[in-house]
Amino acid sequence: MKISPYSGGLIISYQCNLACIHCLYNCRPSWKGWAKIEDIDKILGRLCKIKNFNSLHLTGGEPFMNLPLLIESIKLCKRYNLSFFVETNCYWAKNEEYAEKILRKLKEVGLNSILLSYSIFYADKIPIENFEIAMEISFKILGRENVSFYTLSGYQLLKNLNFKGKINFEDCLKLLGYEKFVKFLQNYIVPKGKCLYTLENFFYKFPPEKFKGANCIFEFLNPYHIHIDLYENYIPSFCAGITLGNFEKVLNEGINRNEKILNFLMTDIYSFLIWAENEYGYKRKEGYINKCHLCLDIRKYLIDNGFYFDSLKPIEFYHQL
Ligand code: SF4
Ligand code: SF4
């Protein structure tokens, strides 16, 4: 099964200045390690050969934490003539002068487009004003049409309450009210990764039998949203902690059905559960939020108990989960 992606992200590091409770990839300050520029060169060189590949995002972690690498990565994107943007949580936009200096530098080496992220999950660490400064300066330097947000609704929700500065999650919840928060959550979050544990009480749960017959072929073959990380893992769709293999091998040869866990997930996720119970002693929970919760809980159990598999990478994702 060959995959030919149209768009995707390059995770140049999982290190982030924050460790948000909803973080899909469980990024955090202590997860150190950045892509080598020669590896980025190799990955971009391969991606630009894919006929329909038309949009790349440079992401993390927080890519602005390593400006020299970000600058070199942008130069490479330009050299390969890739259409791309950079994602950031705006922590660096502490004042207008500094924000302008950074963005001008990035524009000078080839940045044309940016995605600014604002989240109530990090409103305790990053003042809302940082996002506003980043927005204003990005409009000025890159042009309004080249600035996108994730999510503007999260920002507006707080802005409408005349919110200023920082606020912790519990107080934010009180400020918004439970119903408004849950509504926001449903539209905002991809219910995968770390949030399946940290925010599980905000979701309905279903017995495992509900997921009988479900599989992940759509996600594995999804050409619209893939990631390649600094370890060269090919990560499908919005999955986290699971790889289809080395990106080059996957792009050249397709998915390896001989890998046991991938094969279960492509066939029937319930068979993954039965196998994990019978062979490794996994104990099923009464309820799961979705098939990804079932999948992740089994994978976490395997790793926590020292059972390693080629598809369960990067291993650091499972630490502190
Ligand atoms: S800012 Fe983004 S990458 Fe960093 S921890 Fe939060 S969600 Fe993850
Ligand atoms: S069940 Fe697992 S492999 Fe399938 S889409 Fe969800 S996280 Fe990805």
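Residues numbered from 1 in each chain as written. Chains lettered and ligands numbered in written order. Predicted model: local features only at pLDDT ≥ 70, side-chain atom pairs only at ≥ 80, totals over all residues. Heavy atoms only, no water.

Enquirer: What is the right way to read the overall build of the protein from this model?
Expert: When its secondary structure is counted, the protein shows 13 helices and eight strands. For 321 residues, the compact-globule estimate of 2.2 N^0.38 gives 20 Å, and the protein sits close to it at 20 Å. For the C-alpha atoms alone, the extent of the protein along its principal axes is close to 60 × 50 × 30 Å. At a minimum sequence separation of 6, the contacts of the protein that also span at least 24 residues come to 72%. Counting every atom, the protein has about 14,500 Å² of accessible surface; 51% of that belongs to carbon and sulfur. Distance from the positive charge centre (40 side chains) to the negative charge centre (34 side chains) of the protein: 2 Å. (Helix = DSSP H or I, 4+ residues; strand = E, 2+ residues; numbered from the N terminus. Rg over C-alpha atoms; globule rule 2.2 N^0.38 Å. Contact = heavy atoms within 4.5 Å. Areas by Shrake-Rupley, 256 points an atom, 1.4 Å probe, with all protein chains shown as cover. Lys, Arg positive; Asp, Glu negative; His and termini not counted. Charge placed at Lys NZ, Arg CZ, Asp CG, Glu CD.)

Enquirer: What exactly am I supposed to notice about unusual backbone geometry here?
Expert: Negative phi values dominate among residues other than glycine, just as trans dominates among peptide bonds. Here the residue pair G60 and G61 is connected by a cis peptide bond, since its omega of 20° sits within 30 degrees of zero. Take G61: it is sitting in the loop between β2 (55-59) and α2 (67-79). Cis geometry is adopted by the peptide bond preceding P314, which originates at K313 and carries an omega value of -5°. As for its placement among the helices and strands, P314 is situated in the segment after α13 (291-304). In the Ramachandran plot, N162 falls in the positive-phi region, its phi being about 55° despite a non-glycine side chain. If you trace the backbone, N162 turns up in the loop between α5 (152-159) and α6 (169-176). A residue is classified by how much of its surface remains accessible, and N162, at 63% relative accessible area, is exposed. A positive phi angle is found at Q320, which is not glycine, with a value near 55°. (Buried < 20%, exposed > 50% of the residue type's maximum accessible area, 1.4 Å probe, protein only.)

Enquirer: How do you make sense of the pairing of strand β4 (residues 114-117) when you look at a structure like this?
Expert: Each regular strand carries side chains that alternate between the two faces of the sheet. Of the two faces of β4, both are covered, the one formed by I114 and L116 as well as the one formed by L115 and S117. The sheet contact formed by strand β3 (residues 84-88) and β4 spans three bridges and is parallel. Its bridge partner lying in β4, V86 is registered against I114. Running through helix α3 (residues 96-109), the crossover from β3 to the neighbouring parallel element β4 is right-handed. Taken together, the four bridges between β4 and strand β5 (residues 147-150) define a ladder with parallel strand orientation. (Pairing = 2+ DSSP bridges. Right-handed = clockwise from strand over helix to strand, strands pointing away.)

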